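Tertiary structure, described
One-letter residues, chain by chain:
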Amino acid sequence: MIKQRLPYSIQLSLTYLWSQTTHRFIRVVTAISIAGIALSIAAIVIIMAIMDGFAHTLKQQLTGIHADIQIEHIKALDLSDPMIQTVDQHPSVAAITPTLTVAGFMQPPHPPSFVSILGIDFTSDPTVTTLIDQVQSGHWPTHPHHVLIGQSFADYHGLSIGSQVHVHSPNHPQPLARTVVGVIHTGVQRLDTGHVVTDLATAQALAGTPDRVHQLKLRLIPEADVHAVYTTLRDQLPDAYWMTHWMSLNPVALRALRLEHTVMMVIVSLILLMAIGNVGTTLLIHVLDKTQSIGLLRAMGARPAFIQRVFIVHGLFVTTIGLIVGLIIGMAISQYINPLLALVDHATGIHLLPDKIYYLDRIPVQLNPTGYILVALGTWVATILCAWYPAKKAASLDPVAAVSHG
Amino acid sequence: MANLIATAVSHTFNNGQSWVLDTWSGSFNPHTITTITGPSGCGKSTVLHCLGGLLTPTRGDVLLHGDSLYRRTPTQRADAINQHIGFVFQRASLLPELSVWDNIAIKYRLRNAPEPSAMIDHWLTVFQLSNFRDASPATLSGGQGHRVAFIRALLNTPTVLLCDEPTGNLDDANTACLLDAIQTIRTETPCAVVIATHDARIAQIGDTTVDLTPCPQ
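Fair warning: this is a prediction, and the values are worked out from it, not measured in the lab. (Residues numbered from 1 in each chain as written. Chains lettered and ligands numbered in written order. Predicted model: local features only at pLDDT ≥ 70, side-chain atom pairs only at ≥ 80, totals over all residues.)

With respect to the overall build of chain B
Check the secondary structure of chain B and you find seven helices and nine strands. Considering only C-alpha atoms, chain B reaches an extent of 45 × 40 × 35 Å along its principal axes. (Helix = DSSP H or I, 4+ residues; strand = E, 2+ residues; numbered from the N terminus.)

Thoughts on the interface of chain B and chain A
Listed as interface residues are 22 residues of chain B and, on the opposing side, 18 residues of chain A. Of all the secondary structure elements, the ones that give two or more residues to the side of chain B that touches chain A are α2 (74-84) and α3 (100-110) of chain B. A per-class count over the side of chain B that touches chain A returns 13 nonpolar, five polar and four charged. (Contact = placed C-beta atoms within 7 Å. Nonpolar A, V, L, I, M, F, W, Y, C, P; charged D, E, K, R; others polar.)

A closer look at the sheet that holds strand β6 (residues 85-88) of chain B
Residue and element names in this part refer to chain B. An order of β6-β7-β8-β3-β9 is seen for the five strands of this open sheet, with the pairing classed as parallel. Taken across any chain shown, the strands that pair with only one partner, and hence form the sheet edges, are β6 and β9 (208-211). Averaged over all adjacent pairs, the angle separating strand axes in this sheet is 15 degrees, with direction ignored. Two strands pair when backbone bridges link them, and strand β3 (residues 32-37) and β9 are joined in this way by four bridges, in the parallel orientation. The residue bridging I36 from the neighbouring strand is V210, located in β9. Contacts between helix α5 (residues 142-155) and the sheet are confined to β6 and β7 (160-164), with β6 contributing the most and set at about 170 degrees to the helix. (Pairing = 2+ DSSP bridges. Axes fitted to C-alpha atoms, helices over the stretch in contact; angles between N-to-C directions.)

So, the domain arrangement of chain A
Structurally, chain A comprises domain 1 (2-60 + 253-404) and domain 2 (69-223). A straight line from the C-alpha centre of domain 1 of chain A to that of domain 2 of chain A covers 52 Å. (Domains from an automatic or database assignment.)

So, the packing of helix α3 (residues 24-66) of chain A against helix α11 (residues 251-289) of chain A
Axis angle and axis distance: for two packed helices, these are the angle between their axes and the distance between the axes, and together they describe the pair. All names here are of chain A. Here α3 crosses α11 at 170 degrees, and the two axes come no closer than 9 Å. Classified by the interaxial angle, the pair formed by α3 and α11 is roughly antiparallel. Class assignment for the residues of the contact of α3 with α11 results in 22 nonpolar, eight polar and one charged. (Parallel < 35°, antiparallel > 145°, perpendicular 65-115°, else oblique.)

Brief notes about helix α1 (residues 44-51) of chain B
A turn of α-helix holds 3.6 residues, and therefore any two residues three or four places apart point the same way. All names here are of chain B. With respect to burial, α1 is a largely interior element, eight of its eight residues being buried. Of all the positions in α1, only K44, S45, T46, V47, L48, H49, C50 and L51 are classed as buried. At the C-terminal side of α1, G53 shows a positive phi close to 80 degrees. (Buried ≥ 20, exposed ≤ 12 C-beta atoms within 10 Å, placed from the backbone.)

Observations concerning the sheet that holds strand β2 (residues 18-28) of chain B
Residues and elements named next belong to chain B. On the basis of which strands lie adjacent, the open sheet formed by four strands has the order β2-β1-β4-β5 and antiparallel pairing. Each end of this open sheet is capped by a strand with a single partner; those strands are β2 and β5 (67-68). Relative to β5, strand β4 (residues 59-64) runs antiparallel, the two sharing two bridges. In the sheet register, L64 faces β5, and the bridge partner there is D67.

Here we look at the pairing of β4(B)
Residue and element names in this part refer to chain B. For strand β1 (residues 4-13) and β4, the ladder comprises five bridges, and the chain directions are antiparallel. What sits directly across from I5, in β4, is L63. Linkage of β4 to β5, two consecutive antiparallel strands, is achieved through a turn of two residues, within which H65 is found at a positive phi near 50 degrees.

Quick look at the nonpolar core
Within the largest apolar cluster, 109 residues are counted, with the highest numbers of intra-cluster contacts made by B:L51, B:V160 and B:V194. If one sorts the elements of this core by residue count, α3(A) sits on top with 11 residues. Those residues in contact with B:L51 that sit more than four places away from it in its chain are B:L4, B:A6, B:V62, B:V160, B:L162 and B:V194. (Core = buried A, V, L, I, M, F, W, Y, C linked by C-beta atoms within 7 Å.)

What follows is the structure, encoded as structure tokens:
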């Protein structure tokens, strides 16, 4: 019933697509075309999901540790600075936390090891950074005498939860006794190997700058445009304040990721174009098969544009079936890629993602519906371009020759 | 006024090597049957193709209700064919993908017009095809297919009905039925019927007979 309500060119295309009178050979060629489109689309979906997943994870890692925007002062920041109020009032700023980094020493080990002491506010830091999520063992500090240490540092120096340590600095030679309550693994080497996380007051004491901090970290609301907020604040704050955002902290990694993403998409898009070209070839074969029908349609008074439409729509049907199948396959594989990898690991005994190398024990995946819509639109446009010639050829067939054909 | 006029139509094949028609003219009036006779290869089918808007003559013109058929845009010509010209080809020419009913109704569907179901049922009954309305053309005999093609051609109440050897695949009973239908169309509608045939029985029903003998070289 639905078919009856469609324009006749679409009805005829559907009839041609499923017709039992079409040669078996042409049905096989059509099926191959659909499979080609489906596999190309599936590959695009999987690559997009993985690349977007990596980008998302990288962003989470960078913003998790460094926050969205960081503000420093040419000297040190006073916590009573009115600038903090200005920043806090920005509608896109969700939370702010102060930090202070000071060079110091810690023992054990013996002799004392040089460390960077990162002072944070244990209460507000979890609202801005994801450091709390990086605690691998132990717990988040709740007392000014608690500290966190990096996984590699702990392993190297034989420290563990409950270890008593002393920290001191050139500005504060008297050692301060602290207790290790948590071990963190951020994936950022310098944090994992050489940082000790203390409360803000401890770091301020070691720096000899009470009530002062080095940096304010800003978390923005999810829908905020980091660049826009950065620019607005940059314009509002005097030149003595120095601002960075998470993208400017690791431009090389982001550029590399973007380049890799682009290259992969170009390669797979070329494969998709070949598959769509294959649809064009299939259509040409189809036009040859339907030559007599085309002649009859012309003799019945079908307009050339109608014939052209029938075959363009036919190409779009073939592509759309491949597109839908490809999207389903691609999304299913993307969704279950980690269980599939685990299966391969189990079957072959080869660990494909050694976390010592990649710091990831699973492939990050993020589905991108907007991207899929763009891929679908691009595929349809390319199909129309590829179907144009066979459809034009069909429309311009000599009706007398076509009727006499076969 | 004549429904269709052919003025000095000439047509060549093989890049002018062989002439099939040479300055041929004819006028086809309402309520008339014109039969075109002649030996095989003398250009009977070519005349019908030229008259039906399917084959652009090398020279000359064809006027439908006074307007040139070949000086229209391809879309205008297609619309003229759809609304004014009915074709019955030498071979049963049905679209194999469509049912009998869909084949008959196709002219209406091409112009998004409602199909005359009652009339289709009437002609299917007349030609003893009522049981085949949903059948695939592949299941029909040659004669049945030819009758379906004939219903398709006449259903549209065309200005011109062009029949190329319409009884070639029919037995005597069906030939008589088809000739009755042609007479009915001639009497009841202002249609000009043109029949190309080498069957003497068919040639007799023509009000006018055009003999293409001798064949041009």
